[in-house]
Structures are given as structure tokens and as C-alpha cells.
Amino acid sequence: MARSNDDSSQHRKLALVIGNGDYSLRENRLDYSRKNAQSIANLLEQLGFDVKLAHDLPKHELTTCIIDFSKKIEDGDLVVFYFCGHACYSNGDNYLIPVCDNQIVAQDDMKDFANKYEHMVSRILEKNESYVTILIFDCAKSYLTKSTRKSKSLSQCDGLVETKPSAGTIVQFARSTNQHAKDNNDTGSYNLYFRHLLNSIAEENVDIADAFQRIDNAVRQESKNTQKPVSMNGLRKNQLICLNLVVKPVEKWDEIKPSEMASVKKKQTEMRACYDNFPSIDDLTKKNKPSIARAEKLTQQILSQPPSGDAGQRDTACHVLHKLFEQENQECLFFDSTQNMTLHDASGSLADFSSQEKPFVLKLNNVDGLGDKTYADDGQNGLNAVETLDRALQQNESHPVIEDITERLAKAHNVDKKQINIQNFFHGSCNVIYTVDDLPRKVVESLPDIPERLKQQFEQFQSAKIHPLLFRPSFDISQFDERGNKVFENQNTFKVGPPGRQQTYIQPGGWARYGLKVLGRYGSDDWLHPFGNPGNWYKAYHGTGRARGSDFGKADGDIKTDYACVDALANIHAKGFQKARVHVHGEGVYCSPDPTFPDTDGNGYVRTVKLNTKQGEKHFRCMLQVAVNPDGVTFTSMEKIWLVQDPKDIRTYGILIREA
């Protein structure tokens, strides 16, 4: 939980540390008590506390020690009281057990010969109402007495009972009242609770409430729930208290120049339009099980019947699309959003079919706590931060925040950090776009666990998304837009694009296009509609890309690697997720402005799909019709090959099918 940083370094620090271990009965002695007290006293002194240390105090001396300490406290001090020894609950009251306790024979003797918890604590608190007091009772082992003076055997007393803390006070007991913990002292001279206490409060910039929670979790886990610390938090709302507060120099993010602000915001808007449409991992793997079941049934219904065999019919398109995604018993799904099915439609991402680098998107509230530096608020809701990180990334410069994110991502995915490739940062809180090299099948299968792992690594975690084609892609049959359906009889040509930078659009004669519902998806529709608008993007055609002959069961000599970048959609998943190998003109998505180029007989750039239809066995070819951002395309040395480096700059708006 976020808290304001009330700088505890500005307050005087006082601590009283008491270790009682030399009790009368051998069974009640605590060999670790003196060492615990000495160790925490040393630590608190290192942290700037004025420490009073005492050992093995009888009742009167224990009372006097606390009274004397309380006289030193002034309003506004940061006060720590640590007691290691025995404490228990008896006849309605909590008690601290002094040494020289031979007169405590039975529990009824507590009221006369033990120190009443309430009285001791009230002495410490009475002078410090405005700031913070931390009370730690390291009293894990049960105190042994007779239940009555006539009893012959010893019995275990209950531990301290929870009390309501005063405002500005936080308290932790080493165990709950009805537990009877062992020493748990088999790993050295410290008992279990104290080992975790010492480690937690020594950490830099850890809030005491968070430290107590860590201690609680660690002790429960290591003891297998036989010992459960109890915390009572009376700190004021949003009050952050760090015993080891380290104030790091505050640095500034690079400021965006006023002349660059418009282009930066435009880029950020385009990136959000692309990546905000990615589905969350939870949505794909956990939250939509009823929809998945209905989609599986619909898919079975569609595929159980032979397609019509007419390239202009939707059932044929569905069968072709299914064939294209078939791989290792993992098939795509069809669903109908008009029938209360809420899966993610992957049709808008088909242009990335060729890409081996299907990214994840990690959304963080901010980058606070990452890297080894502290940064001031940039006054732009994080935009300067995002732009600084993205610029460092694109210029291949090191940055501590990027290094830290990379290491945490590697831990979350259980891979070597060399396999993590951060590609971009974009605004909207802070979004990290990254891929995992040579993504192993086990990582894909473990996707349902990834959000929780990321949450453990990133305190500012909001959500995790993945590329729609990475995990069982699904297609909304209601997203076929009849307005975009067209059978192209001729290969007409048009000029499209910004004035002065227009390119030739060659219609795909002989192909049937299934339009996809893309209007309204990206904000302004100028990129596509109306046709002839100066804001229209270029038109092109796309197969799979960046493949070689061996990927398709061919020898490399059977396919021209120079042109492998525009190969067919059919077998991209045949051998799982592999790193791309062919980058003749650079990394990115390849396409061609000429529909005949990928489809030329002998090139093999468009794969043939065989279907058993109602008209008998037929062979179909399939490619995508895409729009390419004029500001994001590279014209290669080969006029029929274009390169788009950023997936946000290429959008699929139609699926093209023709009978071979």
C-alpha cells in the first residue's frame, strides 16, 4: 500500500533493548536472549538510535529501567522498545516475566511477581503521542508454571493476547497467544523469529509495517505454520516509517523539448492504439472459461462440415484460416461476440503472423523503486520518464532502470536475462514491450502463472498482456465486415498516401477479400477510410516472412532466402517459436506492394492449402491485405519488397483467398 514518506530521519531516535534469559527454572531459560539483545542494540546504534541496553532484569529493576527510559522520551521522538524473554497471558492480563522469578510458582502468582504489560507499555507511550513508537516482543517460547500451587506438573502458559494499539504505535508479538513455539534454534545462536526480524529491519527503505509483514510470512513458512507472529498497526494513515532510511540523490528525467512534444505524443498515441488492444493473460487463460467452451463448440461445428469450396464464402475462409494456424495439436478458435462470447479477436494482428517476436506488454503504475537511483516527479505524468527510457533503448545505451526491469522479467519467466529483449516503452502509466528469445513451449504453457510472477517482481504491477497470436489465437466470425468484402476481377491501380509521397496501389485481381472490422479501432479512420483520403496509408500484401526452406520441409535451395521475407502463412508454428534467421533488409515485418510478387508460380512465397470441400478436393492460396504507415515503412533496394520495423505501423484489414 502506498504511503507518504514522513521522513523519520528528522526525528530523534531512542531505543530500549532488554534481554531476559536467566530464569529460575532450567526449562524456562533462553540461551539466545542476551545475544539477541546485543545484536539488535548494535544494529539500532548503526541506524542512528540512542540505545539503552539491559540484561536479566528482576521485577523492580525492569520497572525502573522502563520508567527511567520513558523520562528521556520527548514528544515527536521515534521510539523502539525490544523485549526478548518470556511473556504470557493470565487471568485477563498480559505480563512480562522478569528474572529472579522463583516466586512465580503458579499462574496466579503473575499479578504479584510479574510486570503487567499494560503498565510497562503505557509508561513508554505517555510522552510520545504525536509521532511513532515501535514495540517488539520476542517472546516465542512458552513460559512453564504450575497451573495451581498444588499441581505436580508444569504446564505451558498462553502467549500475549492482542491489544488495540494506541495511535502512532505499531506492535509485533513473535507468536500468537494459543501457540506453543519451540526455540527453533537449530540453525545457530538466534531463534527463528529474531533471525527474520534482524534481516528485515536492516533493509534499506523498508516500511516497518512491510517489514513486520515479511517477518510474519517468513516465520510462518519456515515453521510450517507452527509459529505465527501477530502484528497490531496503529500508525496513522499514509505514515511511512523506515528504520534504515537511506535518502538517495534525486535525479531528473530528460525533459522533452517543446518542439518535440507533438511528435512524441503522436508516437505514444499510435503505440497505445496498437498495444492496448492486446488481451490480458488473465483474460486468455483464466477469466473466460465459459466463453472458451462455447468457442470450442462453435469451432467444432464450423470445422465438422466440409466448406463450400467457394473462395467467396465465409466457411471456406474459416477452414483456410484454421489450416494456417494448425500446429502441434494447438488450433485457433472461432467465436461469435454477438452470442455472448468474450474472447479476444486476433484478426487485427494477423500482419504479425510472420514475426517470431510476439511481444508481451507489462503495465506498471510507474517505475518507482526500479534501478539504483531516485527520480523526481517529471511533471508530465510519467511521459518524460517513458521517453527517457525509450530513447536509451533505441540508442542502445545502458540505463539502471532498464537493467533492473530486464533482470526482474528474466526471474518472472524463469529464463536467462539474455533472452529478454525490451523493445519499447510507451506512456499510459508505464508500459514495457518485451519479447523472450527462443520462447520455450514450457513458458507458453505456464502463461497462466506469469501475472502472479510479475506481480512478485514488480511492486507497481498493473497488468500483463500478450500478443494475440502467441497463445491459442481466436477469431471473431462476427468481425468479418461485409463492407470490406470484395471479389477483385481486375488488377486496377490507384495512387494512395500523403500528397507528394503517394505510392501505387495495385488491386489483387483474381482474389476474394474478406474484410475485417477495423474501422473505429484505432481512433481516426483516415488511414483506411474513406478511400482516397490524404491520410490513407499505403496498401500492400503480406505472407509470413523471415523464413527459410527448412522451415517448410524443403531444402534451402528450394526457396530463395532473399525473398523468404514474404513467404506463406502456412507453417510459421510448425516447429514452435524460434528466433528469426533471415533479415536480408533488416528486422521487421516484410510485405510487397505488388500482389503478384508473393504469388508468382515457382516463388513459393504464398503457401497452398488443401481442403476437402463439398465440391471435392481443392487447393487455396491465402495472403493478407495490409495498410502500411507512410512514416514507418522502409523501401528496400528491391522495389517489390517493403520493410516495416514497428508492428504498430502495419495493420491488417482483409484476408485474401483464391483457388489455386
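Cut-offs used in this document
- Residues numbered from 1 in each chain as written.
- Predicted model: local features only at pLDDT ≥ 70, side-chain atom pairs only at ≥ 80, totals over all residues.
- Heavy atoms only, no water.
- Helix = DSSP H or I, 4+ residues; strand = E, 2+ residues; numbered from the N terminus.
- Buried < 20%, exposed > 50% of the residue type's maximum accessible area, 1.4 Å probe, protein only.
- Contact = heavy atoms within 4.5 Å.
- Areas by Shrake-Rupley, 256 points an atom, 1.4 Å probe, with all protein chains shown as cover.
- Pairing = 2+ DSSP bridges.
- Axes fitted to C-alpha atoms, helices over the stretch in contact; angles between N-to-C directions.
- Polar contact = N/O pair within 3.5 Å; in protein donor to acceptor, adjacent residues only side chain to side chain.
- Core = buried A, V, L, I, M, F, W, Y, C linked by side-chain atoms within 4.5 Å.
- pLDDT = per-residue confidence, 0-100.
- Phe/Tyr/Trp six-rings, centres within 6.5 Å; stacked < 30°, edge-to-face > 60°.
- Salt bridge = Lys/Arg side-chain N within 4 Å of Asp/Glu carboxyl O.
- Expected span 1.5 Å × (residues − 1).
- Arc of directions from axis to C-beta.

I tried to follow the overall build of the protein chain on my own but got confused; where do I start?
The helix and strand tally for the protein chain stands at 15 helices and 30 strands. Out of the 660 residues in the protein chain, the part that is buried amounts to 55%. The contacts of the protein chain with a sequence gap of at least 6 include a subset with a gap of at least 24, amounting to 75%. With the model as given, the accessible surface of the protein chain reaches about 29500 Å², and the carbon-plus-sulfur share is 44%.

Mind showing me how you'd approach the sheet that holds strand β29 (residues 642-644) here?
Each strand in a sheet pairs with another by means of backbone hydrogen bonds, the pair being arranged parallel or else antiparallel. On the basis of which strands lie adjacent, the open sheet formed by 3 strands has the order β25-β29-β28 and antiparallel pairing. Because the sheet does not close on itself, it has two edges, and the strands there are β25 (589-591) and β28 (633-635). For this sheet, the mean angle separating the axes of adjacent strands, direction not counted, is 30°. As judged from the 3 bridges shared by β28 and β29, these two strands associate in the antiparallel manner. By the bridge assignment, F635 is partnered in β29 with W642.

When you look at the side chain of E270 in this model, what are you seeing that I'm missing?
Along the chain, the position of E270 falls in helix α7 (residues 258-275). Accessibility expressed as a relative area gives 18% for E270, which makes it buried. A polar contact of 3.3 Å, which involves the side chain of E270, links it to the side chain of K648. Once residues within four sequence positions are removed from consideration, E270 is found in contact with N629, K648 and D649.

What is the right way to look at the nonpolar core in this model?
Generally speaking, a soluble globular protein has its nonpolar side chains buried in company with each other. Counting residues in each nonpolar core, the largest one holds 78 residues, and the members touching the most others are I18, I134, F137 and I208. Top element by residues in this core is strand β3 (residues 78-84). It accounts for 7 residues. Here I134 is in contact with L78, V79, V80, F81, I170, I208, F212, I241 and L243, once residues within four sequence places are set aside. In terms of nonpolar packing, the next biggest core, distinct from the first, is built from 55 residues, A317, Y505, V628 and W642 among them.

How should I be thinking about the confidence of the model for the protein chain in this particular structure?
Regions with low pLDDT should not have their predicted coordinates read in detail. Chain-level statistics for the protein chain give a pLDDT mean of 82 and a share of 84% at 70 or above. Here residues 1-5 scores under 50 on pLDDT; set against residues more than four positions off or in separate chains, the count is 12 contacts. Low pLDDT, under 50, characterises residues 544-583; the stretch is placed with 110 contacts to residues that sit more than four places away or in other chains.

Even after reading the chapter, I still don't get the packing of aromatic side chains, so can you show me in this structure?
Aromatic ring pairs are described here by two measures, namely the spacing of the ring centres and the angle between the planes. The tally for this structure, following the rule as stated, stands at 17 aromatic pairs. Note on Y117 and F137: the rings are 5.1 Å apart at their centroids and 50° apart in plane angle, and the pair reads as tilted. Of this pair, Y117 sits in helix α4 (residues 117-125) while F137 sits in strand β7 (residues 132-138), placing them 20 residues apart in sequence. For Y117, a relative accessible area of 5% corresponds to the buried category.

Help me understand the pattern of salt bridges in this model?
Oppositely charged side chains may form a pair once their charged atoms are brought near each other. Summed over all chains, the structure comprises 21 salt bridges. The shortest N-O distance in the salt bridge between D390 and K267 comes to 3.2 Å. Here D390, found in helix α11 (residues 383-394), pairs with K267, found in helix α7; they are 123 residues apart in sequence, far enough to count as distant. The buried category is assigned to D390, whose relative accessible area is 3%.

Hey, could you run me through the sheet that holds strand β14 (residues 360-364) in this one?
The strand order β16-β17-β14-β18 describes an open sheet built from 4 strands, whose pairing is antiparallel. Where the open sheet ends on each side, the last strands, each with one partner, are β16 (420-427) and β18 (461-466). With strand direction ignored, the average angle separating the axes of adjacent strands in the sheet is 20°. Note that β14 and β18 share 5 bridges and pair antiparallel. Across the sheet, residue L362 finds its bridge partner in β18, namely A464. Running at roughly 145° to β16, α11 makes contact with β16 and β17 (430-436) of the sheet. Strands in contact with helix α14 (residues 450-457) are β14, β17 and β18; relative to β18, the strand with the most contacts, it is inclined by about 140°.

What is the right way to look at α7 in this model?
Residues separated by three or four positions in an α-helix point in the same direction, a consequence of the helix having 3.6 residues per turn. Here α7 spans 26 Å end to end across 18 residues, near enough to the 26 Å set by a 1.5 Å rise per residue. Here α7 has its buried residues at M261, V264, Q268, E270, M271, A273, C274 and Y275. Buried residues in α7 make contact with β14, α11, β16, β17 and β18.

Hey, could you run me through the environment of A140 in this one?
Tracing the chain through its elements places A140 in the loop between β7 and β8 (144-146). A C-alpha to C-alpha distance of 9.6 Å links A140 and F194, two positions 54 residues apart in sequence.

Help me understand the pairing of strand β24 (residues 538-542), please; the structure alone is not making it clear to me.
Remark: a regular strand shows side chains that alternate across the two faces of the sheet. For β24, the tally of buried residues reaches 5 of 5 residues, placing the bulk of the element in the interior. Going residue by residue along β24, you find Y538, A540 and H542 tucked away on one face and K539 and Y541 tucked away on the opposite face as well. Where β24 meets strand β27 (residues 616-628), 5 bridges bridge the pair, whose relative direction is antiparallel. Its bridge partner lying in β27, Y538 is registered against V628.

So what exactly am I meant to see when it comes to helix α9 (residues 289-304) here?
In this model, α9 (16 residues) spans 22 Å end to end at C-alpha, consistent with the 22 Å of a helix rising 1.5 Å per residue. Along α9, the residues classified as buried are S291, I292, A295, L298, T299 and I302. Down the axis of α9, the sector holding all buried residues measures 125°, keeping them to one side. Projecting away from the buried face of α9 at angles above 90 degrees are the exposed residues K289, P290, K297 and Q300.

Is there a simple way to think about the environment of P359 in this case?
Relative to the helices and strands, P359 is located in the loop between β13 (333-335) and β14. Linking P359 and I466, residues 107 residues apart in sequence, is a C-alpha distance of 6.1 Å. With residues up to four places along the chain from it excluded, the contact list for P359 reads Y275, F278, Q423, I433, Y434, T435, I466 and H467.

Hey, could you run me through unusual backbone geometry in this one?
A negative phi angle characterises most non-glycine residues, just as the trans form characterises most peptide bonds. For the bond from H529 to P530, the omega torsion is 0°, close enough to zero to count as cis. With respect to the helices, strands and loops of the structure, P530 is situated in the loop between β23 (512-515) and β24. In the Ramachandran plot, N205 falls in the positive-phi region, its phi being about 55° despite a non-glycine side chain. With respect to the element layout, N205 can be found in the loop between α5 (192-202) and α6 (208-223). Residue N225 is not a glycine yet carries a positive backbone phi of 70°. If you trace the backbone, N225 turns up in the loop between α6 and β11 (230-233). Taking the relative accessible area as the measure of exposure, N225 reaches 45% and is therefore partly exposed.

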